[in-house]
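Observations on chain architecture
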Amino acid sequence: MRAWPLLIGACACVCSAAETPQQACRALEEALGAETALLARVVDKASAEALVPELRDCLEKLAAMRGAGEAALWSYIDNTPDAKTRMVDAMERLAREFNRLEREGFFDCAELADALAPQLQSPAE
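Computed from a predicted model, the values in this text were never measured in an experiment.

What counts and how
- Residues numbered from 1 in each chain as written.
- Predicted model: local features only at pLDDT ≥ 70, side-chain atom pairs only at ≥ 80, totals over all residues.
- Heavy atoms only, no water.
- Helix = DSSP H or I, 4+ residues; strand = E, 2+ residues; numbered from the N terminus.
- pLDDT = per-residue confidence, 0-100.
- Contact = heavy atoms within 4.5 Å.
- Core = buried A, V, L, I, M, F, W, Y, C linked by side-chain atoms within 4.5 Å.
- Buried < 20%, exposed > 50% of the residue type's maximum accessible area, 1.4 Å probe, protein only.
- Axes fitted to C-alpha atoms, helices over the stretch in contact; angles between N-to-C directions.
- Parallel < 35°, antiparallel > 145°, perpendicular 65-115°, else oblique.
- Left-handed = near helix turned anticlockwise from the far one by under 90°.
- Nonpolar A, V, L, I, M, F, W, Y, C, P; charged D, E, K, R; others polar.
- Polar contact = N/O pair within 3.5 Å; in protein donor to acceptor, adjacent residues only side chain to side chain.
- Arc of directions from axis to C-beta.

Looking at the environment of Ser 75
Structurally, Ser 75 can be placed in helix α4 (residues 70-79). Through-space distance from the C-alpha of Ser 75 to that of Pro 21 is 8.5 Å; in sequence the pair is 54 residues apart.

Encoded structure:
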């Protein structure tokens, strides 16, 4: 899976002062699930174009989760088998959607490809 390495980096989230690592993990899992569900609805150029604004909102929410609390979050995930399994499953589902969209050439929707580009680049790029 080409997107797998970046998925891990894309999931570096913060725990706000009022949020426990468990809550941050659940929020991250939900956000990844929302992105996956959106991408699964892309079946042609028209659906891709129609979903781009909603996808951008979803990606902004994911981006807002990134930051300073990631060590606590990843420690929680690494040390909580159920959380780790759920996170891996969520990332695998998302990676499958990325791969499907890449195979389909993003249904000739440049806006979709542009919105997903940061998640699809390997960390070295």
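Here's the deal with the confidence of the model for the protein chain
Looking at the protein chain, pLDDT values average 85 and 82% of them are 70 or higher. By mean pLDDT, the top-scoring element of the protein chain is helix α5 (residues 81-103) (96), and the lowest-scoring one is helix α1 (residues 4-10) (42). Note on residues 1-15: pLDDT is under 50 here. Beyond four places in sequence and across chains, it has 58 contacts.

Describing the nonpolar core
Ranked by internal contacts, the top residues of the largest apolar core, which has 33 residues, are Leu 32, Leu 39, Leu 55, Leu 101, Leu 112 and Leu 116. Every element with two or more residues in this core is listed here: α2 (21-40), α3 (45-64), α4, α5 and α6 (110-120). Look past the residues within four positions of Leu 39 in its chain and what remains in contact with it is Leu 55, Leu 94, Glu 97, Phe 98, Arg 100, Leu 101, Leu 112 and Leu 116.

What about the packing of α3 against α6?
The geometry of α3 relative to α6 is characterised by a closest axis approach of 9 Å and an angle of 25 degrees between their N-to-C directions. By the criterion of interaxial angle, the relationship of α3 to α6 is roughly parallel. By crossing handedness, the relation of α3 to α6 is classed as left-handed. Of the residues in α6, those touching α3 at Ala 48, Val 52, Leu 55, Arg 56, Leu 59 and Leu 62 are Glu 111, Leu 112, Ala 115, Leu 116 and Gln 119. Of the residues in the contact of α3 with α6, the class split is 8 nonpolar, 1 polar and 2 charged.

A few points about the environment of Ala 90
Structurally, Ala 90 can be placed in helix α5. Classification of Ala 90 as buried rests on a relative accessible area of 2%. Taking the C-alpha atoms as reference points, Ala 90 and Glu 29, 61 residues apart in sequence, are found 6.6 Å from one another. Those residues in contact with Ala 90, other than ones at most four positions away along the chain, are Leu 32 and Thr 36.

Structural notes on the side chain of Gln 119
Positionally, Gln 119 belongs in helix α6. Here Glu 35 takes part through its side chain, which lies 3.2 Å from a polar atom of the side chain of Gln 119.

Some details on α6
All of the buried residues in α6 are Leu 112, Ala 115, Leu 116, Gln 119 and Leu 120. What you see down the axis of α6 is that its buried residues fit within an arc of 140 degrees, all on one side. In this structure, α6 carries Ala 110, Asp 114 and Pro 118 as exposed residues pointing more than 90 degrees from its buried face.

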